[in-house]
Structures are given as C-alpha cells and as structure tokens.
Amino acid sequence: MAVQLDLGLGCEATLLQRTGCEGDAFAFASPSRERVLECREPLLSWGMSTDHPPTCADATRFLTECPDVAGFFREGQP
C-alpha cells in the first residue's frame, strides 16, 4: 500500500522530496517549464479533480499538440 499524503497538514514538503524538485540540481531542460504549463491546459479543462478527468478529445489534443511533453512524462525524466 502506498503512503498517503495528509492534505490537511500541507503536503508540499513531501511532494518536493519525492519528486526531487527541492534539489539544487533540479531544473526544467527540455521541455521547458513554460511548455509544460502551456500543454497542461487540455488535461485540466474540466478541473483539477480526479472526479473530472479529461475527455478523450482533450487527451488526444494533448498527445498530438504536445508530443514533447507527453514523451517527457512517459520517460519519467526531470
């Protein structure tokens, strides 16, 4: 069973530790931070809740318009 985050007590420190984002060496290279933010719009068009996932059309739009960002997530590289 995975460790659950306690959302009521602020999970930012745990997320930063798990992702490595707090490290001095962390930086967006390719794709850039701006590109990732731009490409997330189709995935969040229905909101940020898992109760409202993106539509198939929005997911397809993400994959076709942002293959670099999709590849970034598939590879799991920072």
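Treat the numbers as computed from the prediction; the structure is a model and nothing was measured.

**Q** Run through the overall build of the protein chain, naming residues and quoting values.
**A** Scanning the protein chain from terminus to terminus reveals four helices and zero strands. Along the protein chain, helices (α) and strands (β) appear in the sequence α-α-α-α when read from the amino end. Evaluated residue by residue, the protein chain yields a buried proportion of 15% over its 78 residues. Of the roughly 6,300 Å² that the protein chain leaves accessible, carbon and sulfur atoms contribute 57%.

**Q** Provide a residue-level description of the state of the cysteines, including the pertinent values.
**A** What the rule picks out here adds up to one disulfide. Here Cys-39 engages in a disulfide with Cys-66; their sulfurs sit 2.2 Å apart. Since a negative S-S torsion denotes a left-handed disulfide, the Cys-39-Cys-66 link at about -90° is left-handed. Taken together, the residues Cys-39 in helix H2 (residues 33–39) and Cys-66 in the loop between helix H3 (56–65) and helix H4 (67–75) connect sequence positions 27 residues apart. The pair Cys-39 / Cys-66 is uniform in exposure class, with both members buried.

**Q** Could you give me a rundown of the side chain of Asp-58, with the residues and numbers involved?
**A** Tracing the chain through its elements places Asp-58 in helix H3. Despite its burial, Asp-58 pairs with no opposite charge; the closest candidate is Arg-61, at 4.4 Å N-O. Among residues more than four places away in sequence, those in contact with Asp-58 are Pro-42, Ser-45 and Trp-46.

**Q** Lay out the environment of Leu-44 in plain terms, naming residues and giving numbers.
**A** With respect to the helices, strands and loops of the structure, Leu-44 is situated in the loop between H2 and H3. When the C-alpha atoms of Leu-44 and Asp-58 are compared, they prove to be 8.8 Å apart, with 14 residues separating the residues in sequence.

**Q** Break down the pattern of salt bridges for me, citing the residues and quoting the values.
**A** Inspection of every chain in the model, using the stated rule, returns four salt bridges. It is possible to trace a salt-bridge network through shared partners that takes in Arg-35, Glu-38 and Asp-68.

Thresholds, definitions, all that
Residues numbered from 1 in each chain as written. Predicted model: local features only at pLDDT ≥ 70, side-chain atom pairs only at ≥ 80, totals over all residues. Heavy atoms only, no water. Helix = DSSP H or I, 4+ residues; strand = E, 2+ residues; numbered from the N terminus. Buried < 20%, exposed > 50% of the residue type's maximum accessible area, 1.4 Å probe, protein only. Areas by Shrake-Rupley, 256 points an atom, 1.4 Å probe, with all protein chains shown as cover. Disulfide = S-S within 2.5 Å. Lys, Arg positive; Asp, Glu negative; His and termini not counted. Salt bridge = Lys/Arg side-chain N within 4 Å of Asp/Glu carboxyl O. Contact = heavy atoms within 4.5 Å.

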